[in-house]
Structures are given as C-alpha cells and as structure tokens.
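Residues per chain are reported as follows:
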Amino acid sequence: MVALDTGGTARPPLALDESWPLVGRGADVRRALDGLAGTTRAVFAYGASGIGKSRVVQEVAEHLDEDGWLVLTATGNPALSAVPLSALAPVFARETGSPLTSASDAAELFAVAHAAIARLAGDRSVLLAFDDISVADPVSVTLVAQLVEASVLRVAATVRESEPVPDVLVPVATAPDSIRLDLGPLGVDEVAELLTRVLGGAIAHRDVVELHRAAHGNPLFLRELAIGAWDAGSLVAHEGLWHLAGEPVGTPALRDLIRARLRGLHEAERDAVERLALCEPLAFDELARPGAAEALAALELRGLIRVDESGPRVRVGLAHPQYAAAVREAMPRIRALSLLAEQADLVSSRPMDPGDELRVAVWRLDAGRPSDPALLARCAVLARSAYDRRTAERLAAAAVAAGAA
Ligand SMILES: Nc1ncnc2c1ncn2[C@@H]1O[C@H](COP(=O)(O)OP(=O)(O)O)[C@@H](O)[C@H]1O
Ligand SMILES: [Mg+2]
C-alpha cells in the first residue's frame, strides 16, 4: 500500500535513506551459512564497489549471532594499514579485555589471541566478520590466517574490488572448503522487489527497467538514484502506482548523484563530511567543532555516516568509500590542505599513541606541511613493523628530507 498523508501526497513508508531490506542475496547467504555450519572455515565475498559485499557478510554474521555463535567484527582501513594490529587490537581490547599489543612476537601473539578467544567463546563456535580485509594491516591479516588454520575461528570477509586477497590469506581463500561468493548486479525482478518494498507499493514496470539500467543493478547506485529522484520530487504515486515523472533518468555518474545529495547539507554537516572524507576514521571527539554533535546525528539519520563502536573509542566514518571518493574529488585543494592541517594540529595537541602519531605524520605529508623529523622516523619504523612497505618508505624519505639522522 502506498501511504497517503493528509495533503494527499504519497510518501514511502521508509525514509529512503534508511537501511533497505536485503533482497536477492538469499542463495548467497544460505550457501555461506550452510557451509559455516559444516566444514567451511572461510567465506570471501567479492564484487564491485556498492554491490553489497559488506551487507551480505553482515547478514551472515547476524544469522550466526542469533544461532548462538560468538561473532567478532573487524574492519580494514587503508588509512590505518601502517599501524600493526590496527584492525584487530580494538576488537580484542573491547571484547576480551586482553590487549594483543603485549605480545612480543608472532608466536606469542597467536598464543595470546587464541587464549583470549577460547576464554570468551567457551564452547561456542566463533565467527570473525572482517570487512575490507584486503586493506587491513598485514599483522592483523596474518593473525587471522593463523587463527583460521588452527580452527580457532572461522572468517567471513569482504575483498574490495581491484584489491587482491593478501598473500598470507591465499591458502585459506583457495582451500577446498572455502566459499567464494561472487556478487553480481541485481536483476530487474530483484530491483522491482526492492523498490516495491522500500516504497511500500508497486512501481511502474518501465520505470523499474529504467532504474535497473541506470544503476547497472548496483544497490548503492539504485539507492542514490531513488533518493535523488525523491528529493527532486520526480518519484510520485498515481492511483496507487509509483512512477518517475519528468525527464528520463539517463545514466548519471554515481559520484554526481552523491554530490547532489551532499549539496543539500548544512554547513556543519558538510564540514564533518569533508573532514571524514580526508581523515576517516575519526574518533567522535576529534570532530569537536561547534555544532558537530548535532551534525553527526543528522548525518547518521541520513545514512551518510557509520558509527563504529567495535573498539574502545567510538569512531566515525563515511557510510561507504564511494562517498569519501566523491567528496575528495570535488573538494578544492586549498580546502583539503587546511582541513588536513587542522585535524593534524587537533590530534597532536592531545596525548598521542603511536597510531595517532602516524595519522598526524601522514596528514601533514598529505598537506605538504613539515613534520618533526624524529616523529617521521618513529612512524616509518612503526609502518615497517606493520609490513606496510609503501607508507614506511614514504615516511622514511620524508624523515630524511626533514633532516633526520
Ligand atoms: N541486496 C541488497 N538489497 C538491499 N540493499 C542492499 C543490497 N546490497 C547492498 N545493499 C545496500 O547498498 C549499499 C551498498 O552496499 P555495501 O554492502 O556497502 O556494498 P559493498 O560492500 O559491496 O561496497 C548499502 O546501503 C547496502 O545496505
Ligand atoms: Mg563494503
């Protein structure tokens, strides 16, 4: 049923920017669940950006959680890949109370992690849902490979498009009992079902076909198209059937759709989105500008940011990497430089752990600002111990240029 408000205008039952019901991935989710209930130790989801990899793994994790599994979640972030254990340490600190960082070598690390999980899990099976594992720090990834190989836990992970599975995980990912989910575009019927559920009523078939084509069957793209059409007033209900009024949809670029939506933000909201696009993830109190708390709450309601409470500090990031890319591309360079410098100054004005130092060093490098050579040298050592060779070399070169011994 299409709901009518008092003015006679139809509204969808669900705000379009809320989370949409999962459609069209039942077979993938079932395959993963059946496998994990049996001998499967690892599930990897592959596919284009926005196709639904994270969503499918999240669905699998929710089912197992309901079935009584212990579910741990971790997320790889390219901005933190030079900090050893940046993906896993927060999860362990929060869930198990055992800091992994006390371990001095790989064997001890494995032993500490193993004992912590065993204590926490009791006789439950354990799933680690690891989003974007291909951009996580290599120390975390190596530990996951060891834990899976020792059957301490099972893993369900997403692999970003055009990022290979990390080398240490290849034996796990290609083992005969591993499951590979290749997520492709949704079909026309699935797009029709999804839109019908989101809109609370059927939508004209020719408009479904049009939206399916324009979105290439990509759910993220479809969401942005539908939100854009709603905001523009071109998604209308007539005699109980939704239609697209006005111009044909064409094939707008996803980034243009995202930018159009961001143009409607208030000043403080846009400021937060821009800082996150450059520096995510940021701790809640690192976005401490006047009006930031209200802005973040509004952004969360609009589905533009994601609040990550899996670690000891609440962290905020943009809801999808495509949002960050769209914002960064559209941002004047001068604005980016001043935001990077401001965030670096703010974080460095407080007590910093090694991970904070590294963020500050990288932001200052990105902003073309000088850093203390000793700080750069320390960060280069840290990045090297995380096996992030690219960042280590960049920092070491900057340290030398800044006059480090
Ligand atoms: N099958 C689906 N049905 C409904 N919504 C979906 C589906 N797949 C993805 N989405 C939504 O589309 C957006 C992008 O999905 P996401 O899982 O983040 O993509 P990826 O991780 O592949 O980049 C999210 O808002 C997600 O909830
Ligand atoms: Mg994802």
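Residues numbered from 1 in each chain as written. Chains lettered and ligands numbered in written order. Predicted model: local features only at pLDDT ≥ 70, side-chain atom pairs only at ≥ 80, totals over all residues. Heavy atoms only, no water.

Looking at an unreviewed UniProt entry, one finds the protein named Orc1-like AAA ATPase domain-containing protein, with Agromyces binzhouensis as its source organism.

Let us look at the overall build of the protein. On a plain count of helices and strands, the protein comes out with 17 helices and twelve strands. Relative to the globule expectation of 22 Å for 405 residues, the C-alpha radius of gyration of the protein, 23 Å, shows essentially globular dimensions. Each principal axis of the C-alpha distribution contributes one length, and for the protein these read about 75 × 55 × 35 Å. Looking at the protein as a whole, 49% of its 405 residues are labelled buried. Taking the intrachain contacts of the protein between residues at least 6 apart in sequence as the baseline, contacts between residues at least 24 apart amount to 75%. Approximately 18800 Å² of the protein is accessible, and the part contributed by carbon and sulfur atoms is 54%. With 40 positive and 54 negative side-chain charges, the protein shows a separation of 4 Å between the mean positions of the two kinds. (Helix = DSSP H or I, 4+ residues; strand = E, 2+ residues; numbered from the N terminus. Rg over C-alpha atoms; globule rule 2.2 N^0.38 Å. Buried < 20%, exposed > 50% of the residue type's maximum accessible area, 1.4 Å probe, protein only. Contact = heavy atoms within 4.5 Å. Areas by Shrake-Rupley, 256 points an atom, 1.4 Å probe, with all protein chains shown as cover. Lys, Arg positive; Asp, Glu negative; His and termini not counted. Charge placed at Lys NZ, Arg CZ, Asp CG, Glu CD.)

On the basis of which strands lie adjacent, the open sheet formed by five strands has the order E4-E5-E6-E3-E7 and parallel pairing. The two strands at the open ends of the sheet, each matched to only one other strand, are strand E4 (70-75) and strand E7 (179-182). Between one strand axis and the next, the sheet turns through 15 degrees on average, direction left out of account. Relative to strand E6 (residues 154-158), strand E5 (residues 126-131) runs parallel, the two sharing four bridges. In the sheet register, Phe130 faces E6, and the bridge partner there is Ala157. The strands that helix H1 (residues 26-37) touches are strand E3 (42-46), E5, E6 and E7; relative to E7, the one it contacts most, it runs at about 175 degrees. (Pairing = 2+ DSSP bridges. Axes fitted to C-alpha atoms, helices over the stretch in contact; angles between N-to-C directions.)

Let us now look at the sheet that holds strand E12 (residues 315-318). Reading across from one edge, E10-E12-E11 is the order of the three strands in this open sheet, with antiparallel pairing throughout. The sheet terminates laterally at strand E10 (282-283) and strand E11 (305-308), the two strands that pair on one side only. Sheet analysis places E11 next to E12, joined by four bridges and oriented antiparallel. Its bridge partner lying in E12, Asp308 is registered against Arg315.

Further remarks concern the environment of Leu153. Position of Leu153 relative to the elements: it lies in the loop between helix H5 (138-149) and E6. On the basis of relative accessibility, which here comes to 3%, the residue Leu153 falls in the buried class. When the C-alpha positions of Leu153 and Leu128 are compared, they lie 6.8 Å apart, and in sequence the two are 25 residues distant. In this view, Leu153 contacts Ile117, Val126, Leu128, Leu147 and Val148; residues no more than four positions away in its chain are not counted.

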